Amino acid sequence: MKGVWWAGMAALLSATLGCAHWTAVTQEQVRPQETVQVTLKSGSAVQGEIVANDDTYLVIRDEHGRAFRVSKGDIIALKRKPGAYDEAGLPISEREIAAVKGHRQLLLHALGGTALSFGISFYTGSMLQRGLQEDPTDNTLRIAVTSVGTAIGALFFAHKGDNRDRQLAIQQIRRERAIAAEQELEAERTRKAQVEAELERLRREQETQEREIEALRKQLEAQKEGKPRPPR
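Residues numbered from 1 in each chain as written. Predicted model: local features only at pLDDT ≥ 70, side-chain atom pairs only at ≥ 80, totals over all residues. Heavy atoms only, no water.

1. Examining the overall build of the protein
Filter applied, for reference: Secondary structure follows DSSP: runs of H or I at least 4 residues long count as helices, runs of E at least 2 residues long count as strands, and numbering of each begins at the N terminus. Relative accessibility thresholds used throughout: buried, under 20% of the residue-type maximum; exposed, over 50%; partly exposed, between the two (1.4 Å probe, protein chains only). Here the accessible surface of atoms and residues is derived via Shrake-Rupley with a 1.4 Å probe, and residues count as covered only by protein chains that are part of the display.
Secondary structure assignment for the protein yields 4 helices and 8 strands. Overall, the protein shows an N-to-C arrangement of helices and strands of α-β-β-β-β-β-β-β-β-α-α-α. Within the protein, the fraction of its 232 residues that count as buried is 22%. When the accessible surface of the protein is totalled, it reaches about 16,300 Å², and 57% of it is carbon and sulfur.

2. Considering a nonpolar patch on the surface
For clarity, the cut-off: Patch definition: residues with relative accessible area over 30% and no salt bridge; like charges joined within 9 Å; nonpolar side chains (Val, Leu, Ile, Met, Phe, Trp, Tyr) joined within 5 Å. Between Lys or Arg on one side and Asp or Glu on the other, a salt bridge is scored when a side-chain nitrogen of the former is within 4 Å of a carboxyl oxygen of the latter.
Residues Val 195, Leu 199 and Leu 202 make up a contiguous nonpolar surface patch of roughly 270 Å² in combined accessible area. The class for Leu 202 is partly exposed, based on a relative accessible area of 39%.

3. Considering the sheet that holds strand S2 (residues 35-40)
Stated precisely, the cut-off is as follows: At least two DSSP bridges between two strands are needed for those strands to be called paired.
If you trace the 6 strands from one edge of the open sheet to the other, you get S1-S6-S2-S3-S4-S5, paired in antiparallel fashion. The outermost strands of the open sheet, each flanked by one partner alone, are strand S1 (23-24) and strand S5 (67-71). Relative to S5, strand S4 (residues 57-61) runs antiparallel, the two being bridged by 5 bridges. Looking across to S5, one finds that Val 59 is bridged to Arg 69.

4. Here we look at the environment of Ile 170
Checked against the element boundaries, Ile 170 lands in helix H4 (residues 140-226). You can call Ile 170 buried: its relative accessible area is 3%. Here the alpha-carbon distance between Ile 170 and Lys 101, two residues 69 residues apart in the chain, equals 8.2 Å.

5. Some remarks on the packing of aromatic side chains
Heads up, the condition is: Aromatic rings from Phe, Tyr and Trp, with only the six-membered ring used for Trp, were paired whenever their centres fell within 6.5 Å, and each pair was classed as stacked if the ring planes differed by under 30 degrees, edge-to-face if by over 60, and tilted otherwise. For a Lys NZ or an Arg CZ to count as sitting over a ring, it must be within 6 Å of the ring centre and within 35 degrees of the ring normal.
Scanning the entire structure with this criterion turns up 2 aromatic pairs. When the ring of Phe 156 is compared with that of Phe 157, the centres are 5.2 Å apart and the planes differ by 85 degrees; the resulting orientation is edge-to-face. Across from the ring centre of Tyr 57, 3.7 Å away, lies the NZ or CZ of Arg 69, which sits over that ring.

6. Focus: the pattern of salt bridges
By the definition in use, this model includes 19 salt bridges. The closest approach of N and O atoms between Arg 80 and Glu 34, which form a salt bridge, is 3.5 Å. In this pair, Arg 80 is assigned in strand S6 (residues 75-80) and Glu 34 in the loop between S1 and S2, connecting sequence segments 46 residues apart. The residue Arg 177 makes a salt bridge to Glu 96 at a minimum N-O spacing of 2.7 Å.

7. What about the nonpolar core?
Using the following cut-off: As used here, the term nonpolar core means buried Ala, Val, Leu, Ile, Met, Phe, Trp, Tyr and Cys residues forming a set that is joined through side-chain atoms within 4.5 Å. Residues count as neighbours in contact if any of their non-hydrogen atoms are within 4.5 Å of one another.
Val 25, Val 30, Val 36, Val 38, Leu 40, Val 46, Ile 50, Leu 58, Ile 60, Val 70, Ile 75 and Leu 78 form the largest nonpolar core, which has 12 residues in total. Listing elements by their share of this core, those giving two or more residues are S2, strand S3 (45-53), S4 and S6. Once residues within four sequence positions are removed from consideration, Leu 40 is found in contact with Val 70, Asp 74, Ile 75 and Ile 76. One finds Ala 84, Ile 97, Ala 169 and Ile 170 within the second-largest nonpolar core, a separate group that totals 6 residues.

Right under this line is the structure:
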């Protein structure tokens, strides 16, 4: 019974706190701002955000801000971390997310989850102790179950809260990018309208000048026709 309980708790912890799965990709599939893990022929590995990707090299910036220029010919394995994208399909880098991400949901989930996990674990420990231990004064099992269950529950809910903070940060970045794109589009519309207005002004000026030139030409012709002929 105890073995099954411990195995279940271990599986829960592994499933809820495990890292995201990295996906094998080709060199042509990765784009700037995506997070990748590169394994080289030398056996060394580089992990970080792609800064540049050309025909010959990948430039990767790690979490400490150091940039590595990796020759594509030296790459034997390339994996991409599942990331977030904005409405235009452009990657949102982990650096951007970290700059915006807060910790409010992490704190709320951790506090609430700890209290809830303590209550459930204490009850479970008490039930297990009654059913498995003959000595009612021996609280070892109840204490162990309560301690481990509370810790796992706190981690579980903290992980959920951290994910929620991450999603909120991604949503904020998407909104900000959408607003910036709309502002840029509106600025482009304004520039286009200004250019069209200027072209219209120049067209009218040209028409005015052409009318003035035509009127002057007619005036000169009229003066020429009305000029008396010289005597023979």
